[in-house]
Amino acid sequence: MKKPRRTTRRQFLQQSNVAFAVLSAPVVPLYRSESNLMESPMESQAEVQNCEVVIIGGSYAGLSAAMSLGRSLRQVLVVDSGKPCNRQTPHSHNLITHDGATPQEIAEKAKAQVLKYGTVRWQNGIAVQAKQIPTGFEIKTESGGLFRAKKLLLATGVTDIMPDIPGFAECWGISVLHCPYCHGYEVKQQNIGLIGNGEVGFELCRLLYQWSKKLTLFTNGKSTLTAEQHEKLKARQISVVEKDIAHIEHNRGYIREIVLGDGSKTPVSAVFARVRFKQHCDIPQQLGCGMSEMGHIKVNDFQKTDIPGVFAAGDSTTPFRAVSFAMASGTKAGSFINKELIDEAF
Ligand SMILES: Cc1cc2nc3c(=O)[nH]c(=O)nc-3n(C[C@H](O)[C@H](O)[C@H](O)COP(=O)(O)OP(=O)(O)OC[C@H]3O[C@@H](n4cnc5c(N)ncnc54)[C@H](O)[C@@H]3O)c2cc1C
């Protein structure tokens, strides 16, 4: 007769973990667990904190997801390094209920409301490493914190790459702007400079012409616009300046004029430009998330990446950059993470 197979310590720990999660997960606060420490830890000495969902990035997308999950009685940990992409902009617009508020006001109010839900915890810091483990994910912070969760949400945003024009970075979000829906109204009918060339420059002209007829396009080098595009701009008195930009003259981020290589100056009230970007951190790459050609994390309609258990929301996933979009996708991610946890347990 065959001997009955003994349950190994590892199997027992795994099974009791599952049962424990099903019975009590929604109301148990973050806890430290020795059993989990035994499963492929990043650092065997580090203390592990367990939760159901880790959200990396605690700005508009991450906080919206945390609210959905907190209200679903999920144990959530938000790790945030405090560097949202709009931090330099004095006023945020185009968000009903908060039109004209500072980005910090919106974020602080959101954080206070989210942290009222007892199952949501906050951790200041940079998540530097994330990897899959049998029970989900293990996340390590720069200061050595170690967290485990069944699901992971990347709400990490993007970093805008400033062009090599002195003064540009200092004016970014203040008077050098990325989006007319966010900041166009405040400079309507004023002298506006546009920095861009070819198709991008032409599209900027078409878009901004809705807000002001006093436009100048700076191609910062030889124009790559087509003859037809030049004609269309000329017909609307939009001049094209091909000389190199030397620097941007400004007072504490408020632009005065664009100074060209030959010393000539064009006074403008604001500049609109498209800049390049990169993902804010390399955690999506560490996990092997698929990326779009433009450099966004690929997600489906439910904010799921192509790595099971990993969701993403906000600017890191879309070219449509606005606080309202980030909030909407965060809320959606939170709901579908909760749904996936329900599906796995019930
Ligand atoms: C200059 C500027 C002005 C803007 N003005 C407006 C406006 O007026 N109105 C409007 O609707 N939209 C505006 N936007 C767009 C809006 O700011 C973004 O769409 C929005 O901030 C995206 O939210 P998010 O949560 O996806 O990312 P972000 O707000 O960029 O936040 C990402 C968060 O993740 C954190 N993070 C990243 N990696 C890690 C890591 N490894 N560990 C821990 N934390 C991490 C960051 O520190 C940050 O706190 C503006 C954008 C810019 C650049």
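Reading the values: rules and limits
Residues numbered from 1 in each chain as written. Predicted model: local features only at pLDDT ≥ 70, side-chain atom pairs only at ≥ 80, totals over all residues. Helix = DSSP H or I, 4+ residues; strand = E, 2+ residues; numbered from the N terminus. Buried ≥ 20, exposed ≤ 12 C-beta atoms within 10 Å, placed from the backbone. Contact = placed C-beta atoms within 7 Å. Pairing = 2+ DSSP bridges. Axes fitted to C-alpha atoms, helices over the stretch in contact; angles between N-to-C directions. Expected span 1.5 Å × (residues − 1). Left-handed = near helix turned anticlockwise from the far one by under 90°. Nonpolar A, V, L, I, M, F, W, Y, C, P; charged D, E, K, R; others polar. pLDDT = per-residue confidence, 0-100. Near = placed C-beta within 6 Å. Core = buried A, V, L, I, M, F, W, Y, C linked by C-beta atoms within 7 Å. Right-handed = clockwise from strand over helix to strand, strands pointing away.

Draft legend 1. Spotlight on the overall build of the protein chain. Along its length, the protein chain carries 10 helices and 20 strands. With 346 residues in all, the protein chain has 40% of them scored as buried. For the protein chain, contacts bridging at least 24 residues in sequence account for 60% of all contacts bridging at least 6.

Draft legend 2. Summary view of helix α3 (residues 60–70). A large share of α3 lies buried, amounting to 11 of its 11 residues. Of all the residues in α3, the buried ones are Tyr60, Ala61, Gly62, Leu63, Ser64, Ala65, Ala66, Met67, Ser68, Leu69 and Gly70. Taken together, the buried residues of α3 touch β3 (53–56), β4 (76–80), α4 (103–114), β5 (120–124), β9 (151–154) and α10 (323–345).

Draft legend 3. Representation of the sheet that holds strand β17 (residues 265–267) in the model. Spatially, β15-β16-β17 is the arrangement adopted by the 3 strands of the open sheet, whose pairing is antiparallel. Both edges of this open sheet fall to β15 (245–251) and β17, since each of them pairs with a single strand only. Strand-to-strand, the axes of this sheet are offset by a mean angle of 25 degrees, without reference to chain direction. Taken together, the 3 bridges between strand β16 (residues 254–260) and β17 define a ladder with antiparallel strand orientation.

Draft legend 4. Region of interest: α10. End to end, α10 covers 33 Å across 23 residues, agreeing with the expected 33 Å (1.5 Å per residue, within 8%). When we look at burial in α10, the residues that qualify are Val323, Ala326, Met327, Ser329, Gly330, Lys332, Ala333, Gly334, Phe336, Ile337, Asn338 and Leu341. Of the surrounding secondary structure, the elements contacted by the buried residues of α10 are β3, α3, α4, β9 and β20 (310–312).

Draft legend 5. Representation of unusual backbone geometry. Even without glycine at this site, Asn94 takes up a positive phi of about 70 degrees. Among the secondary structure elements, Asn94 is positioned in the loop between β4 and α4.

Draft legend 6. Structural context of the packing of α3 against α10. Following both chains from N to C, one finds α3 and α10 inclined at 35 degrees, their axes separated by 7 Å at the closest point. Where α3 crosses over α10, the handedness of that crossing is right-handed. Residues Tyr60, Ala61, Gly62, Leu63, Ser64, Ala65, Met67, Ser68 and Leu69 of α3 touch α10, and the partners they reach there are Val323, Ala326, Met327, Ser329, Gly330, Thr331, Ala333, Gly334, Ser335, Ile337 and Asn338. In the contact of α3 with α10, the residues fall into 11 nonpolar, 9 polar and no charged.

Draft legend 7. Structural detail: the confidence of the model for the protein chain. Mean pLDDT over the protein chain: 90, with 87% of residues reaching 70 or higher. Within the model, the stretch residues 1–44 combines pLDDT values under 50 with 41 contacts to residues more than four positions away or in other chains.

Draft legend 8. Here's a closer look at the site of the ligand. In the region of the ligand, 41 residues are neighbours, and Gly57, Ser59, Gly157, Gly173 and Gly314 sit closest. Counting only elements with at least two residues in the shell around the ligand, the list comes to α3, β4, α6 (180–183) and α10.

Draft legend 9. Looking closely at the pairing of β15. The sheet contact formed by β15 and β16 spans 6 bridges and is antiparallel. By the bridge assignment, His250 is partnered in β16 with Ile255. Where β15 hands over to β16, the hairpin turn is made up of 2 residues, of which Arg252 adopts a positive phi near 50 degrees.

Draft legend 10. Inspection of the sheet that holds β3 at higher detail. Across the sheet, 5 strands lie side by side as β5-β4-β3-β9-β20; this open sheet has parallel pairing. A strand with exactly one partner marks an edge of an open sheet, and here the two such strands are β5 and β20. Averaged over all pairs of adjacent strands, the angle between strand axes in this sheet comes to 20 degrees, irrespective of strand direction. Relative to β4, β3 runs parallel, the two sharing 4 bridges. Following the sheet pairing, Ile56 is matched in β4 by Val79. Against the sheet, α3 touches β3, β4, β5 and β9, its axis set at about 170 degrees to β4.

Draft legend 11. Structural view of the environment of Pro319. Residue position: Pro319 is located in the loop between β20 and α10. Sequence separation between Pro319 and Gly295 is 24 residues, and the spatial gap between their C-alpha atoms is 9.5 Å. Residues in contact with Pro319, not counting those within four places in the same chain, are Met294 and His296.

Draft legend 12. Molecular detail of the environment of Thr119. Inspection of the secondary structure puts Thr119 in the loop between α4 and β5. Residues Thr119 and Arg74, 45 residues apart in the sequence, show an inter-C-alpha distance of 6.2 Å.

Draft legend 13. Inspection of the nonpolar core at higher detail. Residues Val54, Ile55, Ala66 and Leu153 are the most contacted members of the largest nonpolar core, which totals 50 residues. Contact partners of Ala66, with chain neighbours within four places excluded, come to Ile55, Val76, Val78, Val114 and Val120. Val187, Ile238, Ile255 and Phe272 belong to the second largest nonpolar core, which has 30 residues in total.

Draft legend 14. Broad picture of the pairing of strand β12 (residues 192–195). Neither face of β12 is open: one carries Ile192 and Leu194, the other Gly193 and Ile195, and all of them are buried. Looking at chain direction, β12 and strand β13 (residues 215–218) are connected through 4 bridges and run parallel. The residue bridging Ile192 from the neighbouring strand is Leu215, located in β13. Crossover β12 to β13 through helix α7 (residues 198–208) is right-handed.

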